[in-house]
Amino acid sequence: MVNPSSVWEFQSTMQDIDSNILECVLKIRESYNPDAYSPKEVKSALSKHYLDIGDLCALLSPAAEPFLEEIATQAQKRVKSYFGNSINVFTPLYLSNHCASKCVYCGFQKGNKIKRAKLEYDEIKAELEIIAKSGLQEVLFLCGEGREYASVEYIAKACELAKQYFKVIGVEIYALNVDEYELLHKSGCDFVTLFQETYCPKKYARIHIEGEKRAFAYRFYAQERALQAGMRGVGFGALLGIDDFRKDALSCALHAYFLQRKYPHAEIALSIPRLRPIINNPKIHPKAVTESRLLQVLCTYRLFLPYASITISSREGARFRNNAIKLGANKISAGVSVAIGERSAEEKKSRGDDAEKKGDEQFSISDNRSVEEILSMLKIAHLQPVMSDSVFVG
């Protein structure tokens, strides 16, 4: 039987830092009743240029749904004032789908019968070269949970290889200690993204059954440890649909907000992913999180944290993504593969060689447009693609 209290435990190798942000987030989350807000409170929030936490709560509530058009219009104005017509473009690169954690919503989870693989260094280089040919200058490394399969040193070497081709290198991997983030930073990484998945401790315990990822508090403080290690910026996300999406959206925004106040120099990014079907479980879907409600979350984020980068992922369909980048998002992925070694396999096939991806994907994507297709869409929409907005300085 799973012990819910164990999600608060730190293993002997996990670094605990002096911070109270988790307590602040959970206190507000626990007191938040989305149904308690009225249209009057929504209108009040929309009349302000700078939103407070109460306004955030109101705009995420059901009472705000009839005001979605007004929320989106204001978000569109806000993103224009902070980012102009620029849209950052990047792509993810999955290094390994081996995993030591069992998370029920993820295709990589321990025990799921998928084709497992890990890229060797020459294979990483081959994937990087293919991505670089597309003109992209930002890459995000990902892997399954489990340092025994993809060690910190292995990921650091991947970052060193990526420096030969890219100006911006980020990671979305398992949670690390400060000294481990320092190693990645010295190797060329300067941005860390980590999804808390859900901010409800009880639900978190039920869906994270085995592995280091069960440590809820340790995972929560990963972004803060990354900033203490010298990273330029950090990204946040809740996997909407796991628990009450309004409370998770609120918690994620507060997580970023409180960390920004503590580390005002940090660049902050938010993602709004929804649950997606996985291999051996095609029935996974985000209950109650419709596209209009997802847009409500996105635009509310833009109004509450106008300076934050907001990414819309390939989990969503092309039509929704095309609209999202006009209304509040300022970052989009392109030429996405969530499998292991898929780009190299596709290139070999284009030459007439027999080839297949090395390992299976994490989840099903909805938008598989190439980099060229995404850039064409941005041009038609009179938006300016930005391949890099910073350069790593070691």
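Look a little higher up for the structure.
(A) Molecular detail of the overall build of the chain. The helix and strand tally for the chain stands at 15 helices and eleven strands. Compactness check: the chain gives a C-alpha radius of gyration of 20 Å against a globular reference of 21 Å for 394 residues, within 12% of the reference. Overall, the chain is about 65 × 55 × 45 Å in size when its C-alpha atoms are taken along their principal axes. The burial tally for the chain puts 60% of its 394 residues in the buried class. Across the chain, contacts joining residues at least 24 apart in sequence account for 75% of those joining residues at least 6 apart. Total accessible area on the chain is roughly 16,200 Å²; 50% of this is exposed by carbon and sulfur atoms. In the chain, 52 positive and 49 negative side-chain charges are present, and the distance between their average locations comes to 4 Å.

(B) Geometry of the packing of aromatic side chains. Counted according to the given criterion, the structure contains eleven aromatic pairs. Judged by centre distance (6.1 Å) and plane angle (90 degrees), the rings of Tyr199 and Phe220 are edge-to-face. In this pair, Tyr199 is assigned in the loop between strand S5 (191–197) and helix H8 (201–207) and Phe220 in helix H9 (residues 216–220), connecting sequence segments 21 residues apart. With respect to class, Tyr199 is no different from Phe220; both count as buried. Each residue in the set Trp8, Tyr204 and Phe216 is aromatic and connected to the rest through ring pairs, giving one cluster. Its guanidinium or amino end placed over the ring of Tyr154, Lys118 lies 4.3 Å from that ring's centre, counting from NZ or CZ.

(C) View of helix H14 (residues 342–350). Inspection of H14 places Arg343, Ser344 and Ala345 among the buried residues, and these make up the whole buried set. Of the surrounding secondary structure, the elements contacted by the buried residues of H14 are strand S1 (86–96) and helix H5 (121–133). Just past H14, the residue Gly352 takes up positive phi, approximately 90 degrees.

(D) Spotlight on the side chain of Asn88. Along the chain, Asn88 turns up in strand S1. Leaving out residues up to four positions away in the same chain, Asn88 has contacts with Asn330, Lys331, Ile332, Val386 and Asp389.

(E) A nonpolar patch on the surface, seen in detail. A surface patch of nonpolar side chains, about 360 Å² in accessible area, is lined by Tyr50, Tyr82 and Tyr307. Here Tyr307 shows up in the loop between helix H12 (291–304) and strand S9 (309–312). Here Tyr307 falls in the partly exposed class, since its relative accessible area comes to 36%.

(F) Quick peek at helix H6 (residues 152–162). Taking burial as the measure, the eleven residues of H6 include eight buried ones, the bulk of the element. Those residues of H6 lying buried are Val152, Tyr154, Ile155, Ala156, Ala158, Cys159, Leu161 and Ala162. On the buried face of H6, the contacting elements are S1, H5, strand S3 (138–143), strand S4 (168–172) and helix H7 (178–186).

(G) Spatial organisation of the packing of helix H1 (residues 21–31) against helix H11 (residues 245–262). Relative orientation of the contacting elements H1 and H11 amounts to 145 degrees, with a least axis distance of 9 Å. As H1 packs across H11, the resulting crossing turns out to be right-handed. Of H11, the residues touching H1 (which contributes Ile21, Cys24, Val25, Ile28 and Arg29) are Lys247, Asp248, Leu250, Ser251, Leu254, His255, Phe258, Leu259 and Lys262. Within the contact of H1 with H11, the residues separate by chemical class into eight nonpolar, two polar and four charged.

(H) Looking closely at empty space enclosed by the protein. Under the definition given, this model contains one cavity of 30 Å³ or more. When its volume is computed, the largest cavity comes out at roughly 50 Å³. As for the largest cavity, its lining consists of Glu145, Tyr174, Ala175, Glu212, Lys213, Ala215, Tyr218 and Arg219. When its residues are assigned to classes, the lining of the largest cavity shows four nonpolar, no polar and four charged.

(I) Representation of unusual backbone geometry within the structure. Backbone geometry places Glu197, a non-glycine residue, at a positive phi of 75 degrees. Within the secondary structure, Glu197 is located in strand S5.

(J) Representation of the layout of surface pockets. Taken as a whole, the second largest pocket holds about 480 Å³ of empty space. What lines the second largest pocket is a set of 26 residues, and nearest its centre among them are Gly335, Val336, Ser337, Arg343 and Ser370. At the level of elements, H5, H14 and helix H15 (371–380) are the ones that each hand at least two residues to the lining of the second largest pocket. It is H14 that provides the largest number of residues to the lining of the second largest pocket, a total of four residues. In terms of residue class, the lining of the second largest pocket is built from ten nonpolar, seven polar and nine charged.

(K) Representation of the pattern of salt bridges within the structure. By the definition in use, this model includes 24 salt bridges. As a salt-bridge pair, Glu65 and Arg246 come within 2.4 Å of each other at their nearest N and O atoms. Of this pair, Glu65 sits in the loop between helix H3 (53–59) and helix H4 (68–83) while Arg246 sits in helix H11, and the two are 181 residues apart along the sequence. Look at Glu65 and you get partly exposed, because its relative accessible area is 30%. Overall, Arg246 belongs to the buried group, its relative accessible area being 7%. A salt bridge links Glu123 to Lys358; the shortest N-O distance between them is 2.6 Å. Pair noted here: Glu123 is in helix H5 and Lys358 is in the loop between H14 and H15, with a separation of 235 residues, a long-range link. Residue Lys358 is classed as partly exposed on the basis of its relative accessible area, which comes to 28%.

Reading the values: rules and limits
- Residues numbered from 1 in each chain as written.
- Predicted model: local features only at pLDDT ≥ 70, side-chain atom pairs only at ≥ 80, totals over all residues.
- Heavy atoms only, no water.
- Helix = DSSP H or I, 4+ residues; strand = E, 2+ residues; numbered from the N terminus.
- Rg over C-alpha atoms; globule rule 2.2 N^0.38 Å.
- Buried < 20%, exposed > 50% of the residue type's maximum accessible area, 1.4 Å probe, protein only.
- Contact = heavy atoms within 4.5 Å.
- Areas by Shrake-Rupley, 256 points an atom, 1.4 Å probe, with all protein chains shown as cover.
- Lys, Arg positive; Asp, Glu negative; His and termini not counted.
- Charge placed at Lys NZ, Arg CZ, Asp CG, Glu CD.
- Phe/Tyr/Trp six-rings, centres within 6.5 Å; stacked < 30°, edge-to-face > 60°.
- Lys NZ or Arg CZ within 6 Å of the ring centre and 35° of its normal.
- Patch = residues over 30% accessible without salt bridge, like charges linked within 9 Å, V, L, I, M, F, W, Y side chains within 5 Å.
- Salt bridge = Lys/Arg side-chain N within 4 Å of Asp/Glu carboxyl O.
- Axes fitted to C-alpha atoms, helices over the stretch in contact; angles between N-to-C directions.
- Left-handed = near helix turned anticlockwise from the far one by under 90°.
- Nonpolar A, V, L, I, M, F, W, Y, C, P; charged D, E, K, R; others polar.
- 1 Å grid on protein atoms, 1.4 Å probe; cavity = no way out; pocket = protein on both sides within 12 Å on 5 of 7 lines; lining within 4 Å.
- Points joined across faces, edges and corners; volume = space filled by probe spheres on them.

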